[in-house]
Amino acid sequence: MEYSDEAVFSAAARFSAVRGQGTLKNLLAFGRILKQVGIKVTLSQVIDASRSLEFVDIADKEDFRAVLRSNLISEREGLPIFDRVFDCFWRDRSLEEVSVEVQAETSEDKSQEPVGAEESLEQEAEQDSIQESRQNEEEESILMPTYSLNESMNKKDFSEMDTEESRAINRAILLIATKIATQVSRRKKRAAKGDEIDPRWTMRKNIKYGGEVIDLVLRKRRIKKTRVILLCDVSGSMDCYSRFLIQFMYGLQNELWGIETIVFSTSLSRITHLIRTKNISNALEKISGSVLGWSGGTKIGRSLYTFNRAFALSLVTHRTVIVIISDGWDRGDVDLLDREMRILKRRCHKIIWLNPLLASENYEPLCKGMQVALPYLDLFLSVHNLNSLITLGRTLQKLVA
Amino acid sequence: MNRKGLTIEKIQQALLKEKYICDRSLATVVYLSISMGKPLLLEGEAGVGKTEIAKVLSEVMKTRLIRFQCYEGLDANTALYEWNYPKQMLRIKLEEVRRGDREAVETEIFSEEYLIKRPLLEAIQSDGSTPPVLLIDEIDRADMEFEAFLLEILSDFQITIPEIGTIRAKLRPYVILTSNRTREIHDALKRRCLYHWIDYPTFEKEYEIIMTRFPQVRALLAKQICAFMQRVRQMNFYKRPGVAETLDWVSALITLNREELNEGILGETMGCVFKYREDLNHLQEELAGKRLDLDQMMKESPKLQA
């Protein structure tokens, strides 16, 4: 959510006509600006903010800020942008002006106000709330996102994208991943037939028999979380593909599985705790500073060796799916890779290997690393563009369901 | 403390009396939450005082604290109520033995006496002159379905138990939700609440916290600890230590009669601050590689000179 100062200023300037028209209108305008810079704000939040103002002395700027912030912002990432918009929007208004407006509001003669501006803001607010509820409905019902990316975008290789395209693709990725995840979770609930006895309900039902158990009540098997571990090669050109994959997998994350993310090149780092939010690219920027050897060559065998010793014990169970993304070029000892793949395979449920090189038509896994790993893989897929991610998503659906 | 006549300053002072250092923006949000009857969602790293403030608030408001801990797999029954089936069964059996009135028993076993009340029901049924503080801890550990259920409860504060009827809250509890941000809370629930992010404290704030909780500690030691914590939180540890760890550490150092910080003492007591083997190893590496240098830190930090 990076917005330039110019964008913020111009958004604020659009609403400069609102001054002197009452606090609620100012708040509505403020809310609209926040929406324009990417913070989701609803009408009810703005109204609550307005109600909250009655409880504080709004001439105190910091209290005023705290009131608005606690009502309008619901996540930590929104805090810095909120502060910038707040400072920009309210800086020219002395808060005494605002408090005078509040008092005047109750006794103002409405006919003196410029009718056009008043109506248009209120209309806009109404339209907003109607739009919001429609949007929410839409998001529920559509299966594929209706953003205006064309077919060619779906096929474009990740490594060829510029910043704008990357951003668009990231949004698309999240949207698709969410759809897929929701579908899986719904399907699971419907499909799971009762095959386990529910002791509580059984007793409940049998009270009428005076305590003899005659009717059995069955229940759905409690869905246990599958765990997915991403092992991402982030050396050189693999970096770009890994980023998109991480974005995708985090979009998929829901009640069905927990995701651990581990990056490796010449050494290995667990970065799950660093990637908490949906803004993956920002998090990855932060990480590349702290992960050693981010763009050296790759030592896959060595990295798996470290993984098996440091993390596998606590993270990998027979239900775990391991997803490795790498081009297979191992600069280190290939025998080590062979041994470690065998160890890993014994512990986990399935291993999926994603290789962007698979997309090129003449590719055959000729490099030694890939040949050595191949026998241990349950699935070998490409991951070079949006279409391939969609395929991956569908595959995971079947795997987890 | 009465709800009327409450101000932001009074809350801050009352919390301070209970040894909780609270900055004005947090006090403002707490004040709003109480005055408006809107739940408060506190997010932040582990160990920064989210759960603590609910406990302290209940002391300040002189009311009961009902604590509800969330976990994975939590469902509505665990939160609300359950019938005491074994007790009901026994009652029925007893009646059979006596050859008594079956029908009367059936009514009886679905009365409040046979109801196991769980925290949310307790919060709704609570009577007393002041509403209780309902702490819903670590909501991020529960799943989305539980959130939807919670949203309903927080809107109406009423529950319908089919055999008994609808129970409405006479006094709406003060609701505080906490989250460690291990996953995103659903928008609908977030918007229902006032939001506040509690960050790690500044050097000054942490120093104040230490001196308030442990007035007997040497000022220099407290400052050294604060400098260390500030530095460590910027480094790449798996689990960064929070204020809870700082206070544990101070307590340990006092017990061991240590008056200042050096590498030896650090090594002895590191278990108070870092609880993961990876982190302990990482710390040793950083100390050995001089990327974390205690002496240098002490010399260079301007705050320690003051």
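Please read all numbers here as calculations on a predicted model, not as lab measurements. (Residues numbered from 1 in each chain as written. Chains lettered and ligands numbered in written order. Predicted model: local features only at pLDDT ≥ 70, side-chain atom pairs only at ≥ 80, totals over all residues. Heavy atoms only, no water.)

Chemist: Go over the overall build of chain A with me, naming the residues and quoting the values.
Modeler: Helix and strand counts for chain A stand at 17 helices and eight strands. When each of the 401 residues of chain A is scored for burial, the buried share is 48%. When contacts within chain A are restricted to residue pairs at least 6 apart in sequence, those whose partners lie at least 24 apart make up 75%. Just so you have it, chain A exposes about 20,000 Å², and 50% of that area is on carbon and sulfur atoms. (Helix = DSSP H or I, 4+ residues; strand = E, 2+ residues; numbered from the N terminus. Buried < 20%, exposed > 50% of the residue type's maximum accessible area, 1.4 Å probe, protein only. Contact = heavy atoms within 4.5 Å. Areas by Shrake-Rupley, 256 points an atom, 1.4 Å probe, with all protein chains shown as cover.)

Chemist: For the overall build of chain B, give the residues involved together with the corresponding values.
Modeler: Summing up its helical and strand segments, chain B has 16 helices and nine strands in all. Across the 306 residues of chain B, 51% fall into the buried class. Across chain B, the fraction of contacts at a sequence separation of at least 24, relative to all contacts at a separation of at least 6, is 72%. When the accessible area of chain B is evaluated, it comes to approximately 14,200 Å², of which 49% is carbon and sulfur surface.

Chemist: Give a detailed account of the pattern of salt bridges, specifying residues and quantitative values.
Modeler: Tallied over the entire structure, the rule returns 31 salt bridges over all chains. A salt bridge links Glu 340 of chain A to Arg 309 of chain A; its shortest N-O distance comes to 3.3 Å. Of this pair, Glu 340 of chain A sits in helix H15 (residues 334-347) while Arg 309 of chain A sits in helix H13 (residues 300-310), and the two are 31 residues apart along the sequence. Using a relative accessible area of 2% as the deciding quantity, one classes Glu 340 of chain A as buried. Judged by its relative accessible area of 40%, Arg 309 of chain A is partly exposed. For the salt bridge of Glu 122 of chain B with Arg 64 of chain B, the shortest nitrogen-to-oxygen distance reads 2.3 Å. Of this pair, Glu 122 of chain B sits in helix H7 (residues 119-125) while Arg 64 of chain B sits in the loop between helix H3 (50-60) and strand E2 (65-69), and the two are 58 residues apart along the sequence. Judged by its relative accessible area of 26%, Glu 122 of chain B is partly exposed. Taking the relative accessible area as the measure of exposure, Arg 64 of chain B reaches 42% and is therefore partly exposed. Through salt bridges with shared partners, a single network forms among Glu 62, Arg 65, Asp 83 and Asp 87 of chain A. (Salt bridge = Lys/Arg side-chain N within 4 Å of Asp/Glu carboxyl O.)

Chemist: Help me get a handle on the side chain of Ser 58 of chain B, residues and values and all.
Modeler: Residues and elements named next belong to chain B. Its location among the elements puts Ser 58 in helix H3. Exposure remark for Ser 58: the relative accessible area of 5% places this residue in the buried category. Every residue in contact with Ser 58, bar those within four places of it in the chain, is listed here: Thr 63, Arg 64, Leu 65 and Val 133.

Chemist: A description of the interface of chain A and chain B should follow, citing residues and the corresponding values.
Modeler: On the chain B side, the residues contacting the 41 residues of chain A number 46 residues. Interface area for chain A against chain B, summed over the two sides, is near 3,900 Å², with a carbon-plus-sulfur share of 53%. Connecting chain A to chain B are five salt bridges. Measuring nitrogen to oxygen at the nearest pair gives 3.7 Å for the salt bridge that ties Lys 190 of chain B to Glu 75 of chain A. Listed by contribution, the elements that provide at least two residues to the side of chain A that touches chain B are helix H3 (43-53), helix H4 (61-72) and helix H10 (199-206) of chain A. (Buried area = accessible area lost by both parts, 1.4 Å probe.)

Chemist: So what's going on with a nonpolar patch on the surface? Residues and values would help.
Modeler: Residues and elements named next belong to chain A. Together, Val 213, Leu 216 and Leu 218 make up an exposed nonpolar region whose accessible area comes to about 300 Å². Checked against the element boundaries, Leu 216 lands in the loop between H10 and strand E2 (218-220). The exposed category is assigned to Leu 216, whose relative accessible area is 54%. (Patch = residues over 30% accessible without salt bridge, like charges linked within 9 Å, V, L, I, M, F, W, Y side chains within 5 Å.)

Chemist: Quick one: what's the story with the packing of H4 of chain A against helix H5 (residues 78-90) of chain A, residue by residue and with numbers?
Modeler: Residues and elements named next belong to chain A. At their nearest, the axes of H4 and H5 sit 11 Å apart, and the two run at 130 degrees to each other. Classified by the angle their axes make, H4 and H5 are oblique. Along this stretch, H4 crosses H5, giving a crossing that reads as right-handed. Across the interface between the two elements, Lys 61, Phe 64, Arg 65, Leu 68 and Arg 69 of H4 pack against Leu 79, Phe 82, Asp 83, Phe 86, Asp 87 and Trp 90 of H5. By residue class, the composition of the contact of H4 with H5 is six nonpolar, no polar and five charged. (Axes fitted to C-alpha atoms, helices over the stretch in contact; angles between N-to-C directions. Parallel < 35°, antiparallel > 145°, perpendicular 65-115°, else oblique. Left-handed = near helix turned anticlockwise from the far one by under 90°. Nonpolar A, V, L, I, M, F, W, Y, C, P; charged D, E, K, R; others polar.)

Chemist: Just give me the short version of the pairing of E2 of chain B, but keep the residues and values in it.
Modeler: Residue and element names in this part refer to chain B. Residues of E2 alternate between two faces, with Ile 66 and Phe 68 buried on one and Leu 65, Arg 67 and Gln 69 left unburied on the opposite face. Relative to strand E5 (residues 133-137), E2 runs parallel, the two sharing five bridges. By the bridge assignment for E5, Phe 68 is matched with Ile 136. (Pairing = 2+ DSSP bridges.)

Chemist: Quick one: what's the story with the environment of Glu 106 of chain B, residue by residue and with numbers?
Modeler: Residues and elements named next belong to chain B. One can find Glu 106 in helix H6 (residues 102-108). You can call Glu 106 partly exposed: its relative accessible area is 42%. For the pair Glu 106 and Gln 88, spaced 18 residues apart in sequence, the C-alpha to C-alpha distance is 9.0 Å.

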